[in-house]
Amino acid sequence: MSTPFGTTTLVQGPESLLAERAVQGLIKRALDERSDASINRLSAAQLDRGSLLEATSGSLFTTSAVVVIEQLAELPLDLADDVVGLAQQASDDLVLILVHEGGAKGKALLDRLRKAAVEVVEAPSVKAWELPQFVVAEVRKRGGRIDRETAEALVGAVGSDLRSVAAAVAQLLADTEQPVITTADVHRYFAGRAEVSGFAIADHCLDGNREAALGSLRWALETGVAPVLLTSAVASGLRSLGKYLGVRDERLRDVELARRIGVPPWKLKDLSRQSRGWSAPGVARAIQHAAAADAAVKGASGDPDYALESLVLSVIDCRSRGRQASVQTRR
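A few points on the structure. Computed from a predicted model, the values in this text were never measured in an experiment.

This next bit is on the sheet that holds strand β3 (residues 65-70). The strand order β2-β3-β4-β1-β5 describes an open sheet built from five strands, whose pairing is parallel. The open sheet has two edge strands, β2 (38-43) and β5 (119-122), and neither has a second partner. Neighbour to neighbour, the strand axes of the sheet diverge by 15 degrees on average, direction disregarded. Sheet contacts for helix α1 (residues 16-33): β1 (7-12), β2, β3, β4 (94-100) and β5; angle to β2, the most-contacted strand, approximately 155 degrees.

As a volume, the largest pocket reaches approximately 1,000 Å³. What lines the largest pocket is a set of 43 residues, among which Gly-156, Pro-264, Trp-266, Lys-267 and Asp-270 lie closest to the centre. Sorting the residues of the lining of the largest pocket by element identifies α6 (148-158), α9 (198-207), α11 (227-247), α12 (254-261) and α13 (267-275) as the ones contributing at least two each. Sort the elements by how many residues they give to the lining of the largest pocket and α13 lands first, with eight residues. The residue inventory of the lining of the largest pocket, partitioned by class, reads 22 nonpolar, ten polar and eleven charged.

This next bit is on the pattern of salt bridges. Within this structure, the stated rule accounts for 21 salt bridges. Between Arg-21 and Glu-138 there is a salt bridge, with its nearest N and O atoms 2.5 Å apart. Pair noted here: Arg-21 is in helix α1 and Glu-138 is in helix α5 (residues 131-141), with a separation of 117 residues, a long-range link. With its nearest N and O atoms 2.9 Å apart, the salt bridge here joins Asp-207 to Arg-273. Of this pair, Asp-207 sits in helix α9 while Arg-273 sits in helix α13, and the two are 66 residues apart along the sequence.

The rules behind each value
Residues numbered from 1 in each chain as written. Predicted model: local features only at pLDDT ≥ 70, side-chain atom pairs only at ≥ 80, totals over all residues. Heavy atoms only, no water. Pairing = 2+ DSSP bridges. Helix = DSSP H or I, 4+ residues; strand = E, 2+ residues; numbered from the N terminus. Axes fitted to C-alpha atoms, helices over the stretch in contact; angles between N-to-C directions. Contact = heavy atoms within 4.5 Å. 1 Å grid on protein atoms, 1.4 Å probe; cavity = no way out; pocket = protein on both sides within 12 Å on 5 of 7 lines; lining within 4 Å. Points joined across faces, edges and corners; volume = space filled by probe spheres on them. Nonpolar A, V, L, I, M, F, W, Y, C, P; charged D, E, K, R; others polar. Salt bridge = Lys/Arg side-chain N within 4 Å of Asp/Glu carboxyl O.

No statement about biological role is implied by the geometric values presented.
Now the structure itself:
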């Protein structure tokens, strides 16, 4: 592997876990080669010409430096030429790492860096349907094994936050005697968490299970789940259901259908089951209730618990009306 010194790397993309892993990998390579190298992590927004020069010039104790400039989109415009100049003619004693979180801001600087032929490492967001595949790869990278069904169960229990998923994999592999993660392991470690997640409450609402939805909601609030996460999960479930109702008759393969909706393929079975009690107008009304509840828990109401309970009851009521309208249409 070639030396990282004398190079500039642009780490670009919104997924912070992947970006941080790329940065840590470069720092490790640099320290493996030169253990005395100084490590400087800087925020682009707080940089000026003096601090940039000081960080990239080594120190009294070592001439080797690893400089990580984070939040590159916030770099002051008058420093763009300095950063591009460093990228074009990086010192043999410097490892320069530039981190851009994605988005349009700072695009002109990114274009100039690419023209300077810097190495680019992408950190793209991981789509919902890609999460089980990420789990399989993460387990394999750590020396373990997991099948696709168990990976899907883990995602269903933990949720779609990539850091939480990666942490769950690490915990399971550390605590199991064999390097194989089974569905039983997932249920044993994360069943309690799944029961109080917003996604479980959303599923109960879409299923029309009033008792389970209210019970899970109260337990979630007692255990400290943030109200805004609950409204977000219900709204997300409703949007997925609405998209499913709109495209389910297009005769698409499961993989393509899942991509159109924005869910993992295993979620299609749940949506198919839930859709039997819903109509498109019912989903639209329920989404309006979710938007109102979201505003309420963010400050529009003095009683977020009441707003959430009203949301659960309103969504289930929309489902009941949708089912009645569907029956009348068939008659």
